[in-house]
Every structure is written in structure tokens, then in C-alpha cells.
Amino acid sequence: MSRIDLADRTAALESAVVAASGRLDRELLDDARAVVTRARERGGLSAEHTVVALAGATGSGKSSVLNAVAGSEIATVGVRRPTTSHAVAAVWGDGAGPLLDWLEVRRRQEMPTPADDDPGDDSGAARPRRGLARLRGRRGPAGISTGLVLLDLPDHDSVVVEHRVRAERLVERADLLVWVVDPQKYADAALHERYLRPLAGRSEVVVVVLNQADRLSDAETDAMLADLRRLVSADGLDGARVLAVSAATGRGIDQLKGLLAEAAARREAATARLAADARAAAQRIADACGSSPASRAGERAADALVDALEAAAGVPTVVDAVAAAHRRDAHLATGWPVTRWVSRLRRDPLRRLGLRRGPDGTATDGSGTATGPERPDLVRSSLPTTRPAVRAASASAVRRYVDEVTEGAPDPWVLVARDRAQDAIDRMPGDLDQAVVGTRLEAARRPRWWAAVGAVQWLLLAAAVVGLLWLGAAAAVEYFRLPPLILPVLTVDLTASGGGVLEVPWPTLLAIGGLLAGLLLALVARVFTAWGARRRASRVRRRLRESVSGVADRLVRVPVGDELAALARCRAAAAIAAG
């Protein structure tokens, strides 16, 4: 796997922070933002200089170590504590001014360059140059003579808060950290818990120096170094370099100079420190993001959510009303004309729910008043979607969905998803009602066979009426002993089947046949009407489910999905930055 460069790592960390904003702990994200800002600011400053910070507690001998490394009395060493109130910088090489300004270090000491070094001068003035020569070590004339900024920090345990703040700020910004400890306080809990442990995973940019080794025997020094390495390893800095020095006698100083010379020569400490900080911040974010929920959790829960919202929206009631309205409309169009008035006495099921469209396609409210097609959002049905039980059902469905799809997600994301779901719950009754109202429930046009059957029904009724009137007229003529009316007779020869000849007057045939045929046609039409009602109800149910599903998507699934997508983006970006 190829290594990711600092710019890409920083960009990935920033992406993770953006995705986690408003979800994860603010302090965690602020720390990550600070790492991003620090990486970009440091990247715009001198890449030729390596900033090494000497940090430690009061009395650990940081200033003495600085003077020993530099070969000059740069930092003041005294008995009064705290001695160092402001950071002091020893600088080798030009061009470090903007870098020191960014570090907010005002006290600076420019160290001599090799051209100024006079190895033949044994006077006191030559000590800085001899110190520099030692810093170059055995790398020859072209060894490190520039590119090092060595800082003496204020005591991290100073009783003056301002001093501690300055020290902590420089600890964050230094490229390489040299922690100076003494035999008395090398195991101090504050040092390990507050400063070393937060640097876990960054052993390549940490050096721990046990100073005042001249006060110990060789055996005591070895035992104390072993214990110090154990403590440092327990802090998560396994592999960090640990060595013993004595600023008073010079023991171990050359070894420390060699480490600093190597760091200055390689010029990788700044990148290593910033990359390590980015990795650590990204890893904390990745840990806070936890694991991703099951990918199919949303699919399993979506159908259950739509089912519950359908019930809450009164979809079964609407579907039943559509089927009943279809049967009523069909009976009014195809039923026996004599009994159609009975259907008219029954109130239109769709109109009762405020879902019947007017003749021009306008929506009507529960009383049948048209609201106008230009403002469909003003239409309200008479469905009981605002009842407490219905609101509770939809709220339970939404919460259940959120719990299922966010199962396994970290708590911060779950809480944000629940907050967004609560907004959906408040809007759900009205939006569900609008979804039902806005769904086309009626057919675009009535079935053509309704008109044909209706026309036949009126013809049959007319035939029956003609026959009845004819028979009535014949009876009246006979009653008043007027000349009889001519009654045509339909003769049916049944002799072939063993019967006689059947004669049926046409008026009787028209009356009885028209009535019986009309009733029979109405029964047949009712069978087809029931089948058509089921088909129409099925189509309407699909449309209503799509409408309810749209509400579920807009109010619940999309917002919750956004949170899960943000979680996935955060985890992916954090994994890249921490890789």
C-alpha cells in the first residue's frame, strides 16, 4: 500500500471533521481542526528548519541541557523557580524569522555559521562555535550547520498559569519534542498522563532525556532508564528514544546532539510530527464513529415503515371507500333504473371523506365544496389522521424505523437521527393527509360498458312500460266495453317437444320480459362491477402506497439516510487520514 502524503492526509481529516460536525463531541472536532490548521500553517513556513522543543518540569535542567547542546550560555540557569517564563530559541541558519513569529518566540539567539567557526581559537568566544562543531558531529564540513531551531520551553508544571499555557502551545507546534526529566520526578503522574500519554503513537518525534545522570551510579542509571522506558512504553510511545545525560559533566550530550543533527539533516521531523498528529486525531474520530450499521437494515425497515404510515394515513379506509364508491357509481349507471334511487340515498363514500373530485377535476372538501385546483395544498380530507392514536402510531413507526436503521451506529449519530425524525413526526399527519388528497383516486373515465348497459337498461324499462301501458289500455277498453284493442300475439310452436302451441300477447311479453331482463342485466352488471371495484381499489392502493412512500422518503428516510451517509463519509475519511 502506498503511503499517503501529508496534504492528502490533512484533507481527509478535514473531510472527516466536516462530516462529523454537529454530531461528534465539539472538543474532539476542535482538536482535529487545530491539527488541520497547524499543518497548513506549518507547511507554509520554512521547511529548512526543524523545531526541537526542550520541555520538562521545574528543576529538570532544560536550560542547562540547551546550553550544553549549544555550547553557549543562551538560557539563564538559576535557583529561583520558575526560571524560564518565556521560550528561548537557539537558531542555526537564516530564514527562521517567520517560523519563530508563528511560534510566538521573541527571545532568539542566532548561532554562528561554519564560516565563522575558528577551530584554532581557544578563547571563551569560540565556545559557541565549538558547540556548533560538536552539533555537526562527524558529518564533515558539509554537516548540519543550519536548519535547527532549539527551544527552551517554560516549565509545564509552573505555578504561573501563563507559563504553562505557553509551554503547551509550543509542545503542540514543535516538530520534535525532547522531554527532559530528572531522577526525582521522572515518574511524575502529571507528566505521563497530561503530556506523554496524549502523544501516544508518535514515538518517532519524541525523545525522553534523563538529566542529572551524574548524581547516579552506573547501576542506578541503567535501572532508572529501564523503568523510564517501561513507563514511556505504557504511555503508548513504544520505540521512543530514551537516553541519560548530564548537562553538568557532558555525559550523553554528544549522543543527544547526534539525534538533533540527524533530525535537522533529514528535515522530516515537521512532516512526521504533523502526520502523526493527523493520524492520532483521525483515529480518535474513527473510534468515535464506531462501526457502520448493517447495509440491509434500511431495506428491511422501509417496508414496515410504509405499512405503518399507510395505516396511520387511513389508506385501508380510503381503499374501501374507493371500492364502495366504484360500486355505487356503477349501480347508478348500470343498475335497474327503478331501484337506482336507493343508491342515491346512500352518501358517496369518497365525498364523505372529502376525496371526491368535482366534474371539472377540482378537489372538494368534506362538505362537497370545491376548493379550486390552483391551491391543492388547501384541501383537507375528513380522514381521522389527527387523532392522538393515529399520531402515536405514526410516531412509533418512525422511531422504530430510526432504531432499526441506526442499530450499531455511534450514539451521537443516533441522537441526531432521532432529532431529525422528531421533526418528521411533527409534520407527519398533515403531510400524510396531503399525500392522500393529492393522489388520483378516481378513474380517468368511466368504463364504456357502463354507458352501454345503462342504455340497454333504459330500453328494457321503456319496453316494460310500453307493455304495461298497453295492457292497462286493453283492460280499460274492456272495462268500459269499448271496441277491443288489437293485441298482437307471439306464437311459439312446441309440438316438436311434445307440447302444444304457446301464444303470448306482445304487451305481456314486453312488460314481463323488460322487467325480468332489466333485473337479470343488473345482477350480471353487479358481478362485473365487483370485479372492477377490486381492480380499481388495487390500483388506488398502489398509488396511495407510492404517495405515502414519498412522504416517508422526504420526512424520514432521506434525513436519516443523510446522517448514515455522513457517518460513512466520516468513517471513510478518518480511515484514510489515520492510515
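What you see is a predicted model, and the numbers here were worked out from it, not measured in a lab. (Residues numbered from 1 in each chain as written. Predicted model: local features only at pLDDT ≥ 70, side-chain atom pairs only at ≥ 80, totals over all residues. Heavy atoms only, no water.)

Scanning the protein from N- to C-terminus turns up 18 helices and 9 strands. Residues counted as buried form 46% of the 579 residues belonging to the protein. Long-range pairs, those at least 24 residues apart, make up 73% of the contacts in the protein between residues at least 6 apart in sequence. About 28,900 Å² of surface is accessible on the protein, with carbon and sulfur atoms providing 55% of the total. (Helix = DSSP H or I, 4+ residues; strand = E, 2+ residues; numbered from the N terminus. Buried < 20%, exposed > 50% of the residue type's maximum accessible area, 1.4 Å probe, protein only. Contact = heavy atoms within 4.5 Å. Areas by Shrake-Rupley, 256 points an atom, 1.4 Å probe, with all protein chains shown as cover.)

Turning next to helix H2 (residues 26–43). The terminal C-alpha atoms of H2, which comprises 18 residues, lie 25 Å apart, in line with the 26 Å expected from a rise of 1.5 Å per residue. Turning to H2, its buried residues number three or more, namely Leu-28, Leu-29, Ala-32, Val-35, Val-36, Arg-38, Ala-39 and Arg-42. The secondary structure elements touched by the buried residues of H2 are helix H1 (6–20), strand S1 (50–56), helix H4 (97–103), helix H6 (161–173) and helix H10 (269–289). Residue Asp-25 occupies the N-cap position of H2, its side-chain oxygen lying 3.2 Å from the main-chain nitrogen of Glu-27. (Expected span 1.5 Å × (residues − 1). Polar contact = N/O pair within 3.5 Å; in protein donor to acceptor, adjacent residues only side chain to side chain.)

Our next topic: the environment of Arg-356. Turning to its location among the elements, Arg-356 is positioned in the loop between helix H14 (349–352) and helix H15 (388–405). With 84 residues separating them along the chain, Arg-356 and Arg-440 place their C-alpha atoms 9.7 Å apart.

Quick look at the packing of aromatic side chains now. A complete count under the given rule lists 4 aromatic pairs for this structure. An angle of 90 degrees between the planes, with centres 6.4 Å apart, marks the rings of Trp-449 and Trp-450 as edge-to-face. Judged by centre distance (5.1 Å) and plane angle (85 degrees), the rings of Tyr-479 and Phe-480 are edge-to-face. Of the two residues, Tyr-479 and Phe-480, both sit in the exposed class. Through a chain of ring-to-ring contacts, three or more aromatic side chains come together here, namely Trp-449, Trp-450 and Phe-528. (Phe/Tyr/Trp six-rings, centres within 6.5 Å; stacked < 30°, edge-to-face > 60°.)

Moving on: the pattern of salt bridges. Under the criterion given, the structure shown has 27 salt bridges. Across the salt bridge formed by Asp-277 and Arg-38, the nearest N and O atoms sit 3.4 Å from each other. Remark: Arg-38 occurs in helix H2 and Asp-277 occurs in helix H10; sequence separation between them is 239 residues. Judged by relative accessible area, which is 10%, Arg-38 ranks as buried. The partner of Asp-101 in a salt bridge is Arg-108, with the nearest N and O atoms 2.4 Å apart. Arg-108 gets classed as partly exposed once you look at its relative accessible area, which sits at 32%. Put simply, Arg-38, Glu-172, Arg-202, Arg-273 and Asp-277 are held in one network by salt bridges that share partners. (Salt bridge = Lys/Arg side-chain N within 4 Å of Asp/Glu carboxyl O.)

Now for unusual backbone geometry. A positive phi is found at Glu-104, a non-glycine position, where the angle reads about 60 degrees. Its location among the elements puts Glu-104 in the loop between H4 and strand S3 (107–110). Taking the relative accessible area as the measure of exposure, Glu-104 reaches 41% and is therefore partly exposed. Despite not being glycine, Arg-267 has its phi angle at roughly 55 degrees, a positive value. Tracing the sequence through the fold places Arg-267 in the loop between helix H9 (253–266) and H10.

The subject of this paragraph is the environment of Ala-190. Within the secondary structure, Ala-190 sits in helix H7 (residues 189–196). With 133 residues separating them along the chain, Ala-190 and Ala-57 place their C-alpha atoms 9.8 Å apart.

With that settled, the discussion passes to the confidence of the model for the protein. In this model, the protein carries a mean pLDDT of 80, and residues with pLDDT of at least 70 account for 83%. Note on residues 363–379: pLDDT under 50 across the span, and 33 contacts to partners over four residues away in sequence or across chains. (pLDDT = per-residue confidence, 0-100.)

So, on to the packing of H2 against H10. Where H2 contacts H10, the axes come no closer than 10 Å and their chain directions differ by 160 degrees. One way to sum up the angle between H2 and H10 is to call them roughly antiparallel. Between H2 and H10 lies a crossing of left-handed hand. Across the interface between the two elements, Leu-28, Leu-29, Asp-31, Ala-32, Val-35, Arg-38, Ala-39 and Arg-42 from H2 touch Ala-270, Leu-274, Asp-277, Ala-278, Ala-281, Arg-284, Ile-285 and Ala-288 from H10. (Axes fitted to C-alpha atoms, helices over the stretch in contact; angles between N-to-C directions. Parallel < 35°, antiparallel > 145°, perpendicular 65-115°, else oblique. Left-handed = near helix turned anticlockwise from the far one by under 90°.)

Both faces of the sheet carry side chains from a regular strand, because those side chains alternate between them. The sheet contact formed by strand S6 (residues 206–210) and strand S7 (residues 241–244) spans 4 bridges and is parallel. Pairing of Val-207 across the sheet is with Arg-241, part of S7. Handedness of the crossover is the feature at issue here: the chain leaves S6, passes through helix H8 (residues 218–234), returns alongside S7, and the resulting connection is right-handed. (Pairing = 2+ DSSP bridges. Right-handed = clockwise from strand over helix to strand, strands pointing away.)

The full count for this structure, using the stated rule, is 0 disulfides. Considering cysteine sulfurs only, Cys-570 is the nearest to Cys-289, which forms no disulfide, with 3.0 Å between them. In this structure Cys-289 comes out as buried when scored by relative accessible area, which is 0%. (Disulfide = S-S within 2.5 Å.)

Counting buried positions over the 6 residues of strand S5 (residues 176–181) gives 6, a clear majority of the element. Covered by surrounding structure in S5 are Leu-176, Val-178 and Val-180 together with Leu-177, Trp-179 and Val-181, the residues of both alternating faces. Two elements, S1 and S5, share 5 bridges in a ladder whose sense is parallel. Across the sheet, residue Leu-54 finds its bridge partner in S5, namely Val-178. Bridge count for S5 against S6 is 5 bridges, and the pairing is parallel. For Trp-179, the partnering residue across the bridge sits in S6 and is Val-208. Following the chain from S5 across H7 to the adjacent parallel S6, one finds a crossover that is right-handed.

Turning our eyes to something else, we now look at the sheet that holds S6. One open sheet accounts for 7 strands, arranged S3-S2-S4-S1-S5-S6-S7; its pairing is mixed. Of all strands in the sheet, those with a lone pairing partner are S3 and S7, marking the two edges. If you compare each strand with its neighbour and ignore which way they point, the axes differ by 20 degrees on average.

A cluster of nonpolar residues, Trp-449, Leu-520, Leu-523, Val-524, Val-527, Phe-528 and Trp-531, forms a patch on the protein surface that exposes about 720 Å² of accessible area. Sort the elements by how many residues they give to the nonpolar patch and helix H18 (residues 506–578) lands first, with 6 residues. Classification of Leu-523 as exposed rests on a relative accessible area of 54%. (Patch = residues over 30% accessible without salt bridge, like charges linked within 9 Å, V, L, I, M, F, W, Y side chains within 5 Å.)

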